[in-house]
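Letter by letter, the chains look like this.
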Amino acid sequence: MGLLTIGAFAKAARLSPKALRLYDELGLLTPARVDPVSGYRLYAPEQLEQARLVAWLRRLGMPLARIRRVCALDGAAAAAEVRAFWAEVEADTAARRELAAFLVGHLSWKEPAMPLGIRYAALSDAGLVRERNQDTAYAGERLLAVADGYGERGAPASAAAVGALRRLEADGIPAGGLLNVLEDAVERAGRAVDGVTSAAPGDAGTTLTAMLWTGSQLALVHIGDSRAYVLRDGELFLITHDHTMVQSMVDEGRLSAEEAASHPERSLLIRALGAGADGTADMRLHDARPADRYLLCSDGLSAVVPAGEIRRVLAESGGPEPTVRALVALANGSGGPDNVSCVVADVVELERQ
Ligand code: MN
C-alpha cells in the first residue's frame, strides 16, 4: 500500500492534521516522507498504530520526552513504562489531595462556638495466627496511641513507647510549643524502647502513631507503618504516610500501589523506634471539627481490610466502643494474620458549663 496524504492519514487515525504536524515538530511521529517540492507530509499506513499511541499518551498527560521513550519500546516494556508513569501520577495526586484537604480544613477552621471534647475507645487483639500480641493501643482524655512492636522484645517495646507518651496525659498541655513538647516525648519514647530492647538478640523495636488532644486541635506524631485516618463529611482521609520501603518505591514510581499491597517485603520499615532504626517522627497539627471521627490502627487492620470497608464501618457502627470491636472483627474475619489494634475517637461538642 502506498503512502497516505496527511489528510487521509489524519482521518484514518482520528486525529487532526494540526495534531500530526505538532507531533512531527515535537519529534513524536516523523512522516514516512516529506515531498521535497510541495513540503507535504506523507505517512505510511503502518504508522497508524504509533499515531494512536501518541494521542493516547498525550491524553494521559505524559510528558513529551517520556512519550518518545515509550514509543521506542516494545509492547511489554511500553506497558511497564505506562504503569510506572501512572503510579507516579497517583502518588503525586494522593499527596496533593491530602495537602488540599489539610489546607481546606486549615483555612476554614474557626474557633469552635462550643467547647469540644473527645469520646474514645481502644482495642488490641492478637489476631488468629500470632501467638502473642506485640501491639499496644491506648486511648485516654488527651492521648490516643497505637504502637506495633516487632522482634524478640516487640511487646515491651510497643508498651514502652506508649507508656512514655502517657506522661503527657498527666502533665497537661502547655499554651505554646506543643510540637516541642511532642518532640521531647518522642525522644523519651525512643530511649524507653532502647531500654527494653537493647538486651534482645536481633532487631527489635516498634512503630508509634499517636495524637494528643488539646481541646481544639490534635497534634499528630507518627513513625512507621501504623496509620491515622479521619472520617470527615463521610469521606475517609489517610493523614499519615507509611514509612516503609515499598511506600518509598511507590512514591518514586518504581512500584504500583497494587504491587506494593502484595509485596513480600511490604512490612519492611524505613523508620521505627528501636536500635539502629531511623526514629525521625512526622509531626503535624490537625484542626479538629465537631463530628470528626479519628481512627488510629496498626497494619493488622489496614493491610488486611480495604479502605472502603474501613470507611463503611466507621460511618455505620455507632459509638467508639462498638466501632473498635467491629473493626477488629473485620480484620479477624479476613483471616486475622497479624496483631490488630484500633483506637477510635469522636470529636463532640460539649455542653457549656
Ligand atoms: Mn503489625
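Residues numbered from 1 in each chain as written. Predicted model: local features only at pLDDT ≥ 70, side-chain atom pairs only at ≥ 80, totals over all residues.

Helix and strand content of the chain: 12 helices and 15 strands. Relative to the compact-globule value of 20 Å for 353 residues, the chain shows a C-alpha radius of gyration of 27 Å, a clear excess of over 25%. Looking at the chain as a whole, 38% of its 353 residues are labelled buried. Long-range pairs, those at least 24 residues apart, make up 67% of the contacts in the chain with a sequence separation of at least 6. (Helix = DSSP H or I, 4+ residues; strand = E, 2+ residues; numbered from the N terminus. Rg over C-alpha atoms; globule rule 2.2 N^0.38 Å. Buried ≥ 20, exposed ≤ 12 C-beta atoms within 10 Å, placed from the backbone. Contact = placed C-beta atoms within 7 Å.)

This part takes up the domain arrangement of the chain. For the chain, the domain assignment lists domain 1 (4-72) and domain 2 (89-349). Put simply, the middle of domain 1 and the middle of domain 2, counted by C-alpha atoms, are 50 Å apart. (Domains from an automatic or database assignment.)

For the rest of this paragraph, the subject is the sheet that holds strand β3 (residues 41-43). Read across the open sheet, the three strands follow the order β1-β3-β2; overall the sheet is antiparallel. This sheet does not close on itself; its edge strands, each paired only once, are β1 (4-5) and β2 (33-34). Here β2 runs beside β3; their pairing, made up of two bridges, is antiparallel. Residue Val34 lies in a different strand from β3, and its bridge partner there is Arg41. (Pairing = 2+ DSSP bridges.)

This next bit is on helix α11 (residues 307-316). Within α11, the full set of buried residues consists of Ile310, Val313 and Leu314. Projected down its long axis, α11 shows its buried positions confined to an angular sector of 100°, all on one face. What points out from α11, more than 90 degrees from its buried face, is the exposed set Gly308 and Glu316. Residues of α11 that are buried make contact with β10 (227-232), β11 (235-238), β14 (293-297) and α12 (320-333). Residue Gly318 follows α11 closely and has a positive phi angle near 80°. (Arc of directions from axis to C-beta.)

Relative to β11, β10 runs antiparallel, the two sharing four bridges. Along β11, the bridge assignment pairs Arg232 with Glu235. A loop of two residues connects β10 with β11, the two strands running antiparallel in sequence, and Asp233 in this loop sits at a positive phi of about 50°.

Ranked by size, the top nonpolar core spans 70 residues in total, and within it Leu144, Ala161, Met211, Cys342 and Val343 carry the most contacts. By residue number, the principal contributor to this core is helix α6 (residues 154-171), which donates nine residues. With residues near it in sequence (within four places) discarded, Cys342 still touches Leu123, Ala137, Leu295, Cys297, Leu301, Val324, Leu327 and Val328. (Core = buried A, V, L, I, M, F, W, Y, C linked by C-beta atoms within 7 Å.)

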